[in-house]
Amino acid sequence: YVLGVDAMKKMSASNVLIVGLKGLGCEIAKNVILAGVKSVALYDPAKVEITDLSSQFFLHEEDVGKPRAEVSAPRLAELNQYVPVSVVDKEPTAEDIAAYKCVVVTDVSLKQKLELSEAAHKNGVCFISTEIRGLFGYTFNDFGEKFVVEDPTGEEPLSGMIADIEQSAEGIVTCLDETRHGLEDGQYVTFSEVQGMTELNACEPRKVNVLGPYTFSIGDTSSLSAYKRGGLFQQVKMPVTVSFSSFTQALENPEFLISDFAKFDRPAQLHVGFQALHAFSSAHDGKLPRPGNDEDAAEVLRLANEINDKWSQKTELDAELLKKLSYQATGDLSPMVAVLGGLVAQEVLKACTGKFSPIQNFMYFDALECLPVGFEPSEEDLAPSGSRYD
């Protein structure tokens, strides 16, 4: 396994709760179950609609009208007999949340997300919020104020042969035969088989300061014995403690992982846009903007401007971008589900194992390049037809 034995042991002791079983929630559940956590609990009492079949591959036409979680659970359980899959029949409370290692929330209102995130943050439970709206999507991580990453890269520790170690305040180490050491500033090393400066053999890890591709310093060695010959250095993976903001704090003061530097200005706009969609939904009994409807798109833009005006990090909004977000708000596309569902499942495994560096705060993603150039469908073209392809 790429994760390693220790990480797999941590996974086998981790319980995961997934809220929302449309296409994205189901994709995440599928990936997490196949990975092999201790258990997966599902919460989604909403009734199956025909449009859910567009991206939720565990639903059938005869399931329409039945609770999503109850229908999906037995089919998801067939993926891995060693991972129990259960259905949560009531809205999770703070006490319920405390029983899980990680909680993933999709397809619920912003108010519910904030409540669940606060409960998770207070109980030290890793929280992930994620959504897909047509060709737009995002994920957010809050793994607590003191989340320990045991191995940020997952790569094999570096090692190399030594040609010389200076007996000086800097303690400059030179590698043999101009072999690149591959180390970076801030990493740690220990030593073995060193002759002369034997105090370094199996020493406590020393912090590295890279001086060049073949040399690095390890701090003061002036009090140690003189170096004679030989020796190997071995990189020591040191745990890193990472502090995450709560979902409430991050909405006001977000940090963005840029997924495409050609769209450097989009994450901030989409951050406002997704909040505007939730505001629209809240004002219209949970309904999202109608596909291709200019009136709804204008209201989303107005809400976005209101949110942006109150935001401490006010950004310049592109009306055309927000219009496309509004047009696509009800869209649930299988390719987007596959991409974001796979990515979020990896974040769940990072939360459970402490291996690999997790996404900090928000990552927004869009695939507008998929639309044909000059594609301007009318509201009639996008009107629901009552089929799974809506």
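Analysis parameters
- Residues numbered from 1 in each chain as written.
- Predicted model: local features only at pLDDT ≥ 70, side-chain atom pairs only at ≥ 80, totals over all residues.
- Heavy atoms only, no water.
- Helix = DSSP H or I, 4+ residues; strand = E, 2+ residues; numbered from the N terminus.
- Buried < 20%, exposed > 50% of the residue type's maximum accessible area, 1.4 Å probe, protein only.
- Contact = heavy atoms within 4.5 Å.
- Areas by Shrake-Rupley, 256 points an atom, 1.4 Å probe, with all protein chains shown as cover.
- Lys, Arg positive; Asp, Glu negative; His and termini not counted.
- Charge placed at Lys NZ, Arg CZ, Asp CG, Glu CD.
- Salt bridge = Lys/Arg side-chain N within 4 Å of Asp/Glu carboxyl O.
- Pairing = 2+ DSSP bridges.
- Phe/Tyr/Trp six-rings, centres within 6.5 Å; stacked < 30°, edge-to-face > 60°.
- Expected span 1.5 Å × (residues − 1).
- Axes fitted to C-alpha atoms, helices over the stretch in contact; angles between N-to-C directions.

1. Side note on the overall build of the chain
Step number 1: When helices and strands are tallied, the chain shows 10 helices and 16 strands.
Step number 2: With the C-alpha coordinates aligned to their principal axes, the bounding extent of the chain is approximately 80 × 50 × 35 Å.
Step number 3: Put simply, the chain has 390 residues, and 48% of those count as buried.
Step number 4: A separation of at least 24 residues holds for 74% of the contacts in the chain among residues at least 6 apart in sequence.
Step number 5: Summing over all exposed atoms, the chain offers an accessible surface of approximately 18,800 Å²; the carbon and sulfur share of this is 51%.
Step number 6: Across the chain, the centroid of the 34 positively charged side chains sits 4 Å from that of the 58 negatively charged ones.

2. Notes on the pattern of salt bridges
Step number 1: Considering all chains together, one arrives at 18 salt bridges under this definition.
Step number 2: Of the charged contacts, one joins arginine 75 and aspartate 63 as a salt bridge, the two residues approaching to 2.6 Å between their closest N and O atoms. Residue arginine 75 is found in helix H3 (residues 68–77), and its partner aspartate 63 is found in the loop between strand S2 (39–43) and H3; the two are separated by 12 residues along the sequence.
Step number 3: Overall, arginine 75 belongs to the partly exposed group, its relative accessible area being 22%.

3. A few points about the pairing of strand S9 (residues 172–175)
Step number 1: Taken together, the 3 bridges between strand S8 (residues 159–165) and S9 define a ladder with antiparallel strand orientation. Bridging across to S9, isoleucine 165 finds its partner in valine 173.
Step number 2: In sequence, S8 turns back onto S9 through a hairpin of 6 residues, with glycine 171 there showing a positive phi of about 60 degrees.
Step number 3: Where S9 and strand S13 (residues 215–217) come together, 3 bridges link them in antiparallel fashion. Looking at the pairing, isoleucine 172 lines up with serine 217 of S13.

4. Focus on the environment of tryptophan 311
Step number 1: The topology assignment puts tryptophan 311 in the loop between helix H8 (294–310) and helix H9 (319–327).
Step number 2: A residue is classified by how much of its surface remains accessible, and tryptophan 311, at 8% relative accessible area, is buried.
Step number 3: Note: C-alpha distance between tryptophan 311 and cysteine 26 (285 residues apart in sequence) is 34 Å.
Step number 4: Apart from the residues within four sequence positions on either side, tryptophan 311 is in contact with Leu251, Glu252, Pro254, Ala268, His271 and Val272.

5. Thoughts on the packing of aromatic side chains
The geometry of an aromatic ring pair is captured by the separation of the ring centres together with the interplanar angle, meaning the angle of the planes.
Step number 1: For the structure shown, the criterion picks out 16 aromatic pairs.
Step number 2: Aromatic pair tyrosine 138 and phenylalanine 362: ring centres 5.9 Å apart, planes at 50 degrees, arrangement tilted. Residue tyrosine 138 is found in strand S6 (residues 136–142), and its partner phenylalanine 362 is found in strand S16 (residues 361–366); the two are separated by 224 residues along the sequence.
Step number 3: Judged by relative accessible area, tyrosine 138 falls into the buried class, the value being 4%.
Step number 4: Here phenylalanine 216 and phenylalanine 233 contribute two aromatic rings whose centre-to-centre distance is 5.4 Å and whose plane-to-plane angle is 75 degrees, an arrangement assigned as edge-to-face. Of this pair, phenylalanine 216 sits in strand S13 while phenylalanine 233 sits in strand S14 (residues 232–236); the two residues are 17 residues apart in sequence, bridging distant segments of the chain. This pair shows no difference in class: phenylalanine 216 is buried, exactly as phenylalanine 233 is.
Step number 5: Taken together, the aromatic side chains of Phe127, Tyr138, Phe140, Phe247, Phe256, Phe274, Phe362 and Tyr364 make up a single cluster linked through ring pairs.

6. Considerations on H3
Step number 1: Looking only at H3, the buried set comprises Arg68, Ala69, Val71, Ser72, Ala73 and Leu76.
Step number 2: Next to the buried residues of H3 lie helix H2 (23–35), S2 and strand S3 (85–87).

7. Some details on the environment of proline 267
Step number 1: Secondary-structure assignment places proline 267 in helix H7 (residues 266–283).
Step number 2: For the pair proline 267 and aspartate 366, spaced 99 residues apart in sequence, the C-alpha to C-alpha distance is 9.4 Å.
Step number 3: Each residue touching proline 267, except ones within four places of it in the same chain, is listed here: Phe256, Ile258 and Tyr364.

8. Here we look at H7
Step number 1: Relative to the 26 Å expected for 18 residues at 1.5 Å per residue, H7 spans 25 Å between its end C-alpha atoms, a close match to the ideal helical length.
Step number 2: By the criterion of burial, H7 is predominantly enclosed, with 14 of the 18 residues buried.

9. Concerning the sheet that holds S6
Step number 1: Here we have 7 strands laid out as an open sheet, ordered S3-S2-S1-S4-S5-S6-S16, and mixed in their pairing. Edge positions in the sheet fall to S3 and S16, since each of these pairs with one other strand and no more. For this sheet the average axis-to-axis angle between neighbouring strands, irrespective of direction, equals 15 degrees.

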